[in-house]
Amino acid sequence: MKNISVKKIFLYACFSAAMLVSCKKEIEKISDTLKDTVSSSETSAVEKDSIKKDSVVQKESVPPAMQENGFYNAFVLPKDKKMRDSIYAEFSKKYSEKERYAILALNRLDSKNRFNTDTLVVPAKIDTTLMSYSPFPMQLDVLSGVKKFVIFSYPIQAYGVYSNGSLVKWGPTSMGKKAAQTTRGLTFANWKKKLSISTVSTEWKLPYNFNIHNIGGIGWHQYDLPGYPASHSCLRLLMKDAQWLYSYADTWILNPGGATTKAKGTPVMVFGDYKWGGRKPWKKLLDDPNANNISVEEMTKLLEPNVDRMIKEQDNREKVADSIKTAKAMAPVQSEKPAEVPVN
């Protein structure tokens, strides 16, 4: 009886020990699983953070696609000013002064407002003339008879210049803000002045001002380009563009006395609507390199009803200008008055 009890106790002890070992193993297994889960979670967070960082790096460091394939890259600017300064220092090292000028122009910015964005759209291949990125058609047959023409697009905040239907120049602009929008439609260049003072504020100096709405005081000139429509109805330009257009366009010709117009200047058109509060049009180039392109068909439809008037005014100006030249050539040449000899 005693032996049976001892056996039972022994068997019970073995069973208990086995159970303890099994439980310990299970606990260790669970513990290891928990460790793996935490470790996996931590690794996942690190990986996510790494991916996040890599995505920013990729935008800046991945070899750019060739421009002929129509791709643009994003140059990301952080919110922190010190970091921005550092990033822009790298930007300045990477691109020459002319290349930086072209990149900022593509983003509708001047150097003063270079930080006024969170992302710069950068072409894969830099063309300092900007002509490779023109949103305007290179050729418009509808304008073949028009010697000079300037057009401003509100939707993409850009201007284009055509000579006999060929695009000779385009660039960025900042047009009238929502509360003071630039007048749309066809008009003609009037007078110009190398330095005008704004009627809104005497502190605003307007270099190379070319008036296109005399009564409204609207014209194109150099002033800040902040990357959106910000003016009080005028058409802001980069300094080089304002200088170029100042020399390119023809002024009006006034009748004697200056009260009435005898001939109109270069035809100018402002058209379209800006999507206020929407994504900036040039940033869409990152998704679609043709996002801002204006088709030949769209331009032809817009211009066709106005071409006859443009040519009529152009012909009239040439006749008036020729008649003035002829009159000056035929005017008698006044001989110099002989010096008076004192009489004694």
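Computed from a predicted structure; not experimentally measured. (Residues numbered from 1 in each chain as written. Predicted model: local features only at pLDDT ≥ 70, side-chain atom pairs only at ≥ 80, totals over all residues. Heavy atoms only, no water.)

Asks: Looking at this structure, I do not really get the overall build of the protein chain. What am I missing?
Replies: Across its full length, the protein chain carries five helices and 13 strands. Here the analysis covers contacts within the protein chain between residues at least 6 apart in sequence; of these, 63% occur between residues at least 24 apart. In the structure as shown, the protein chain presents an accessible area of about 21,000 Å², 56% of it carried by carbon and sulfur atoms. (Helix = DSSP H or I, 4+ residues; strand = E, 2+ residues; numbered from the N terminus. Contact = heavy atoms within 4.5 Å. Areas by Shrake-Rupley, 256 points an atom, 1.4 Å probe, with all protein chains shown as cover.)

Asks: How should helix α5 (residues 296–330) be read in this particular structure?
Replies: For an α-helix the count is 3.6 residues per turn, leaving residues at separations of three or four pointing the same way. Where α5 bends most, at N306, the angle is about 50°. Among all positions in α5, only M299, L303, N306, V307, M310, E313, Q314, R317 and V320 are buried. Looking at the buried side of α5, the elements it contacts are β3 (149–153), β4 (158–163), β6 (185–188), β11 (253–254), β12 (261–263) and β13 (267–271). (Bend = angle between axes of the 7 residues up to and from the residue. Buried < 20%, exposed > 50% of the residue type's maximum accessible area, 1.4 Å probe, protein only.)

Asks: For this particular structure, what's the right way to read the sheet that holds β4?
Replies: Sheets are built from strands that pair by backbone hydrogen bonding, the pairs being arranged parallel or antiparallel. On the basis of which strands lie adjacent, the open sheet formed by five strands has the order β5-β4-β3-β13-β6 and mixed pairing. Looking at the sheet topology across the chains shown, the edges are occupied by β5 (166–172) and β6. The average undirected angle you get between the axes of adjacent strands in this sheet is 20°. Pairing between β4 and β5: six bridges, direction antiparallel. Within β5, the position partnered with Y159 by the bridge is G171. Taken strand by strand, helix α4 (residues 239–248) contacts β3, β4 and β5, and its axis lies near 35° from that of β4. (Pairing = 2+ DSSP bridges. Axes fitted to C-alpha atoms, helices over the stretch in contact; angles between N-to-C directions.)

Asks: What is the right way to look at the pattern of salt bridges in this model?
Replies: Proximity of charged atoms lets side chains of opposite charge pair with each other. Using the criterion set out here, one finds nine salt bridges in the structure. The residue D224 makes a salt bridge to K112 at a minimum N-O spacing of 3.0 Å. Here D224 is found in the loop between β9 (218–222) and β10 (235–237), whereas its partner K112 is found in the loop between α3 (97–106) and β2 (119–123), with 112 residues between them in sequence. Accessibility expressed as a relative area gives 62% for K112, which makes it exposed. (Salt bridge = Lys/Arg side-chain N within 4 Å of Asp/Glu carboxyl O.)

Asks: Which parts of the structure should I look at to understand the nonpolar core?
Replies: The tendency in soluble globular proteins is for nonpolar side chains to be buried as a group. Core analysis: the biggest nonpolar cluster contains 54 residues, and L143, F152 and W220 have the highest contact counts within it. One finds L77, Y88, F91 and L104 within the second-largest nonpolar core, a separate group that totals 10 residues. (Core = buried A, V, L, I, M, F, W, Y, C linked by side-chain atoms within 4.5 Å.)

Asks: Is there a simple way to think about the sheet that holds β9 in this case?
Replies: The strand order across the open sheet formed by four strands is β7-β8-β9-β10, and the pairing between neighbours is mixed. Edge positions in the open sheet fall to β7 (192–197) and β10, since each of these has one partner strand only. Across the sheet, the mean angle from the axis of one strand to that of its neighbour is 35°, orientation sign disregarded. Judged from the three bridges that link them, strand β8 (residues 205–213) and β9 form a sheet pairing that is antiparallel. What sits directly across from H213, in β9, is I218. Packing of α4 onto the sheet brings it into contact with β7, β8, β9 and β10, and relative to β8 it is tilted by some 50°.

Asks: Quick question: what am I supposed to make of the side chain of T187 here?
Replies: The residue T187 is located in strand β6 in this model. Reaching out from T187, the side chain makes a polar contact with the backbone oxygen of I212 at a distance of 2.8 Å. (Polar contact = N/O pair within 3.5 Å; in protein donor to acceptor, adjacent residues only side chain to side chain.)

Asks: Explain the pairing of β8 to me, please; I cannot follow it from the model alone.
Replies: Within a regular strand, side chains alternate between the sheet's two faces. Taking burial as the measure, the nine residues of β8 include seven buried ones, the bulk of the element. Relative to β8, β7 runs antiparallel, the two sharing five bridges. Looking across to β8, one finds that S196 is bridged to L206. Hairpin remark: β8 followed by β9, antiparallel, with four residues in the connecting loop; positive phi at G217, about 70°.

Asks: What is the right way to look at the pairing of β3 in this model?
Replies: For β3, the buried fraction is high: five of the five residues fall into the buried class. A two-sided burial pattern is seen for β3, the buried positions comprising F149, I151 and S153 on one face and V150 and F152 on the other. Examined bridge by bridge, β3 and β4 share five bridges and lie antiparallel to one another. Within β4, the position partnered with I151 by the bridge is G160. The antiparallel pairing of β3 with β4 creates a hairpin that spans four residues between the two strands, and Q157 there sits at a positive phi of about 50°.

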